[in-house]
Amino acid sequence: WNISHQQHNSQMQQTSSTDTFSKNTLIILRGISGSGKSTLARSLSQNEPDAVHFSSDDFFIDHSTGNYVFSPQRLGRAHEWNQQRAERAMKTGSKLIIVDNTHTQKWEAKPYVEYAQKYEYEVIFREPETSWKFNASVLAQKNVHGVPQDKIQQMIDRWENDFTVENVLNAKDPAHVRKQKRTPARLPSMIQVVLDKSSKDLLMSKVKKMNRGLYAEHVTIGFKSDEETYRKLITDRGLLEGDRVKVKTDLLVWNEDFGVEALRVASMQTHDGTPVESANKVPHITISVSTESGRRPHESNDLLEMLEQNVEQVRSEELALELNGIIKFFFFGSQRRRDDKNGGNQRGGRGRGRGRRGSK
């Protein structure tokens, strides 16, 4: 093993912490967990204040606690999410993009290289030069995510050499990946921007809470969307479940007789600037509804329609807030995408959960 890896290292394009980059550059880091990739990433970016660093591990960070919560079932989604983040950075012209994953085999790096070709980025492959980078017992001790030694050894056994742009682009997906791409994908029944706890607490401190049925928890992006709507709202914008979203509001609206209170949303965008739209005519956050009168959350749409029609009983006041949330998918029906028949590839992911019945 060591002879083979040493030969490979001499073939890789080298960079150092003192390098500057004259043109847009994508650095693809590869290495076993615990080998020092993150340290290398920090070193490479220290002279580039605008460098961006993407790792699929970020997908498993619980932003409410800061804890790393790994789920093997969601690993494919994590990689897809990370690839999309890298593409967005290329679209906006980030000068230095560092992708930090294990990349034990060429096909794993292929999406990043394809994006680099599309957006005319130079590609550099790097791996740590630590003495223990192929020592399974040491790596098991050093990796921060608790990957056991047997899994570490499996990564070492999968390791491929000769990483070049041409070789990576010519790499063929393994059979299990090709099968997964043909698996029928299911449309989410509900797509929401779910507010984080601090944003919900802020919101609850500012609104009237005039009804017993309190919500103040999400903005609906789509509800039982067909494939065309899903493509328009999610796929074409490159959005993924788990994307963080900034929500700006402008107007609190209520009607005591109608028994509904809502907060109008002025704009939404991901933290890297991608606009987020809603299928609702007027995007909003349902604050409260009168359960005694049988009101349901989706009747916020009717309230905002009344506002546009200048219905006398509708009241409003300015309420400009900046809130944060995460895109989440919910499934509670048998609705499926047309890809089921065509064998298409799912880009949106398979989130799980349950929304409030009837909530929009």
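Predicted model, so just to flag it, every value in this text is computed and none were measured.

## Structural notes on the pattern of salt bridges
A pair can form between side chains of opposite charge whenever their charged atoms are brought close. Across all of its chains, the model carries 18 salt bridges by this definition. In this structure, the salt-bridge partner of Arg 77 is Glu 80, at a minimum N-O distance of 3.4 Å. With Arg 77 and Glu 80 both in helix H3 (residues 75-91), this residue pair falls three residues apart, about one helical turn. By relative accessible area, Arg 77 is classed as buried at 9%. Glu 322 serves as the salt-bridge partner of Lys 248, at 4.0 Å between the closest nitrogen and oxygen. One end of the pair, Lys 248, is in strand E10 (residues 244-255); the other, Glu 322, is in strand E14 (residues 322-330), and 74 residues separate them in sequence. The exposure class assigned to Lys 248 is partly exposed, which follows from its relative accessible area of 40%. Three or more residues joined by partner-sharing salt bridges are found here, namely Arg 30, Glu 127, Glu 129 and Lys 133.

## Observations concerning the sheet that holds strand E5 (residues 96-100)
Overall, parallel pairing links the four strands, which are arranged E2-E5-E1-E6 in an open sheet. Lying at the two open borders of the sheet, with one neighbouring strand each, are strand E2 (52-54) and strand E6 (122-126). When strand polarity is set aside, the average angle formed by the axes of neighbouring strands in this sheet is 20 degrees. Two strands pair when backbone bridges link them, and E2 and E5 are joined in this way by three bridges, in the parallel orientation. Considered in E5, the bridge of His 53 is made with Ile 98. Along the sheet, helix H2 (residues 37-45) makes contact with strand E1 (25-29), E2, E5 and E6, crossing E5 at roughly 175 degrees.

Thresholds, definitions, all that
Residues numbered from 1 in each chain as written. Predicted model: local features only at pLDDT ≥ 70, side-chain atom pairs only at ≥ 80, totals over all residues. Heavy atoms only, no water. Salt bridge = Lys/Arg side-chain N within 4 Å of Asp/Glu carboxyl O. Helix = DSSP H or I, 4+ residues; strand = E, 2+ residues; numbered from the N terminus. Buried < 20%, exposed > 50% of the residue type's maximum accessible area, 1.4 Å probe, protein only. Pairing = 2+ DSSP bridges. Axes fitted to C-alpha atoms, helices over the stretch in contact; angles between N-to-C directions. Contact = heavy atoms within 4.5 Å.

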